[in-house]
Amino acid sequence: MNLHEYQGKELLKSYGIEIQEGIVAESVEAAVTAYNKIAEETGTKFAVVKAQIHAGGRGKGGGVKVVKSTEDAEETAASILGMMLKTPQTPGGLEGEGKLVRKVLIAEDAYRPNFDECKEFYISILFDRGSRKNVIIYSTEGGMDIEAVAEETPDLVHKEFIDPTLGLQGYQLRKVAFNLGLSGLAFKNMTKFISNLYKAFLGSDSSMFEINPCIRTADDRIVAVDCKVALDENALYRHKDLAILRDTDEEDPTEVEAKSFGLNYVNLDGNVGCMVNGAGLAMATMDIIKLSGGEPANFLDVGGTADAERVEKAFRIILKDPEVKAILINIFGGIVRCDRVAQGVVDAYKNMGNINVPIIVRLQGTNADIAKTIIDESGLEVHSAILLQEAADLVKKVING
Amino acid sequence: MAVLVGKDSKIIVQGFTGKEGSFHAGQMIEYGTPVVGGVTPGKGGMTHLDRPVFDTVSEAVEKVGADTSIIFVPPAFAADAIMEAADAGIKVVICITEGIPVQDMVKVNAFLSDKNCRMVGPNCPGVMTPGEAKVGIMPGFIHNPGRIGIVSRSGTLTYEAVDQITKAGLGQSTCIGIGGDPIIGTTTQQAVQLLMEDPDTDAIVMIGEIGGSMEADAANWIKTHGTKPVVGFIAGQTAPKGRTMGHAGAIVGGAEDTAEAKMKIMAECGIHVVNSPAMIGETMIKALAKAGVVAG
């Protein structure tokens, strides 16, 4: 689960980390009020209007702008709020349709008192699969696309792995601050910053923190100017305060609906829908669709219980996608009995009454033969198969027919 | 026995009296698995499914000589259950639980590093040695005792492979469901190594998926140390980058962990890679014939 920039910053602040302060606004009026308040508090006319969406590269799409007056703030907020913001990370990239901006963060000028004397850094913390440890990744090349930095100047990207039993040590904090070229007060503040950042990372059960840029100001403060936070979904049960920050507006509405039914669904661009029990088999089924000449329209794991109600919900989810021209149901019945799934399919089909696309049902495992008979004798426009290859052949036939 | 579990294992079930634990322990016992008891804190002294219930794993080790444990406890308590088992001297811990927080597993992984204990899973279907011990949630009847070892990150896709091997007239030595999480106790390479060294295994089916580098690591190991034919498949050829496909560990991060990249390196390392998951059984027959192994 991802947090918005303003939510992530609140989290950091609660761990004693200095952030670029700001006020979130959902209307132009609120944005103007926020700007005036910030201008008054900071004593400068500079502020930043930042689109709040779950995607990076917002600046590239025109979603982050510096403003210098109330009129400027009003005009800019009006242009960003409600825009379809395209960034390299929104669906389809810069050529895609973009994401609707519903909120802006009116943020203070964090680079004061002297912009030219500020230094930008890159800092992230994440769980590293290879080493099975948490790692701090940092660089003096802040404010840029870190993947490009890693590609062009790998020497400038440093990694500090953390021993899970001992935790982050003092020498590691110092190493980070030295490698970032800091000394004096800025050095001291950076060690505190990293220490608190790691506490926040563990304390929130995050899977990723990215602070880009993090700056050293002219007066040697260390400030998080931007912040991306991804939380571990499996740990949300012990972070109720963070779980409520979920913004479903930022997620695919069909995926949100599927989730509320306990279905694991990912929307894709293809023309053949699929309904499968188990994630591995679901991915393999998508591959079968592709090998048979189709393109998978979705990933959908119905889980362990595939009764009529669940099958019907899955049908409705898949059929929301107008591109779907056929549906392949692939269930390997172990604990779940195939005849019950077959009955579920038949009942759901009858209940819905308006399924106009061909359906291929492949049921294998417990009571597969009885299941095939139920499907074949239902009188419905449903093709049945037992072997996976038979299902693949049927997909090919249906697509070409 | 083949590897990890067999007729001589002394198996306990952690989370024995819960809904999931009860159901699957019942199925395991029905299959003939040597289940010697179970653990549910606070219910020690009871009898459940004709087996003794203990308060702690240590007590089960002491009183009934448990050496293997299967865990069905909910995600919030699973990491603790794994550590309890390892601390009590259990040699093989199989954790079925799905949805354990990553940071809990970071700790467990470090905890296990100096223990003489092998963990399989979490988020896995378990381990099956047909005809001897079903230590997991897999359907027993699709299996057939034989000489093909299976390693897989998935549940139902493992059953698919097992079924194809059985329908091809072959059988399985041990099927190891290693799990779909980012941190798992036994990697693809470690599981493959166990089966390579097992005198009761003639050939191996290795099923992977997108995300991580386990299959590439295993492939490189096989290239140097492999002595038996391996048939491989990677699920997720059509998965988009950056999306988690059901399993927490199934996510394409870069160019290295796509299905395509993994299949390429596996083929280069001498593995019989299938593009279609429907071809696993057929390809195994051919691989055995090519290696001159009489079908087992």
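Residues numbered from 1 in each chain as written. Chains lettered and ligands numbered in written order. Predicted model: local features only at pLDDT ≥ 70, side-chain atom pairs only at ≥ 80, totals over all residues. Heavy atoms only, no water.

1. Side note on the interface of chain A and chain B
Contacts between the two partners involve 43 residues from chain A, matched on the other side by 54 residues from chain B. Interface area for chain A against chain B, summed over the two sides, is near 3700 Å², with a carbon-plus-sulfur share of 62%. Looking at the side of chain A facing chain B, the largest losses of area belong to Arg-129, Arg-132 and Phe-332 of chain A, adding up to 20% of the total buried there. The tally of links from chain A across to chain B stands at 3 salt bridges. For the salt bridge of Arg-362 of chain A with Glu-160 of chain B, the shortest nitrogen-to-oxygen distance reads 2.7 Å. At the boundary of chain A and chain B, one finds 13 residue pairs in polar contact (both at pLDDT 80 or more). Elements with a contribution of two residues or more to the side of chain A that touches chain B: helix 6 (184–203), strand 14 (264–267), helix 9 (279–291), strand 18 (359–365) and helix 13 (388–400) of chain A. Counting residues per element, the side of chain A that touches chain B draws most heavily on helix 9 of chain A, which supplies 10 residues. (Contact = heavy atoms within 4.5 Å. Buried area = accessible area lost by both parts, 1.4 Å probe. Salt bridge = Lys/Arg side-chain N within 4 Å of Asp/Glu carboxyl O. Polar contact = N/O pair within 3.5 Å; in protein donor to acceptor, adjacent residues only side chain to side chain. Helix = DSSP H or I, 4+ residues; strand = E, 2+ residues; numbered from the N terminus.)

2. Looking at a negative patch on the surface
Residues and elements named next belong to chain A. Taken together, the side chains of Glu-29, Glu-71, Glu-74 and Glu-75 make up a negatively charged region of the molecular surface. For the negative patch, the element with the most residues is helix 3 (residues 70–80), which contributes 3 residues. Within the secondary structure layout, Glu-75 lies in helix 3. (Patch = residues over 30% accessible without salt bridge, like charges linked within 9 Å, V, L, I, M, F, W, Y side chains within 5 Å. Areas by Shrake-Rupley, 256 points an atom, 1.4 Å probe, with all protein chains shown as cover. Lys, Arg positive; Asp, Glu negative; His and termini not counted. Charge placed at Lys NZ, Arg CZ, Asp CG, Glu CD.)

3. Regarding the sheet that holds strand 4 (residues 64–67) of chain A
Residues and elements named next belong to chain A. Pairing is antiparallel in the open sheet, where 4 strands are placed in the order 2-7-3-4. The sheet is open, and its two borders are formed by strand 2 (22–25) and strand 4, each paired with just one other strand. Strand-to-strand twist in this sheet, taken as the mean axis angle between neighbours without regard to direction, amounts to 20 degrees. One ladder, built from 5 bridges, connects strand 3 (residues 47–51) with strand 7 (residues 104–108); its direction is antiparallel. By the bridge assignment, Ala-47 is partnered in strand 7 with Glu-108. (Pairing = 2+ DSSP bridges. Axes fitted to C-alpha atoms, helices over the stretch in contact; angles between N-to-C directions.)

4. Structural notes on the sheet that holds strand 9 (residues 133–136) of chain B
Residues and elements named next belong to chain B. With mixed pairing, the 7 strands of this open sheet are ordered in space as 9-8-11-10-12-13-14. Each of the sheet's edge strands pairs with one partner strand only, and the pair in question is strand 9 and strand 14 (272–273). Direction of pairing for strand 10 (residues 145–152) relative to strand 12 (residues 203–209): parallel, over a ladder of 5 bridges. Residue Ile-148 lies in a different strand from strand 12, and its bridge partner there is Ala-203. Where helix 8 (residues 259–268) meets the sheet, it contacts strand 12, strand 13 (230–235) and strand 14, and its direction lies at approximately 170 degrees from that of strand 13.

5. Observations regarding the nonpolar core
Core analysis: the largest hydrophobic core is formed by 92 residues, its most contacted members being Ile-94, Ile-176, Val-205, Met-245 and Met-284 of chain B. A total of 7 residues in this core trace back to one element, the largest contributor, which is helix 9 of chain A. Residue contacts for Val-205 of chain B: discarding those within four places in its chain leaves Ile-148, Gly-149, Ile-150, Val-151, Ala-161, Ile-165, Val-231, Ile-280 and Met-284 of chain B. Ranked by size, the runner-up nonpolar core spans 37 residues in total, among them Ile-17, Val-176, Ile-211 and Leu-231 of chain A. (Core = buried A, V, L, I, M, F, W, Y, C linked by side-chain atoms within 4.5 Å. Buried < 20%, exposed > 50% of the residue type's maximum accessible area, 1.4 Å probe, protein only.)

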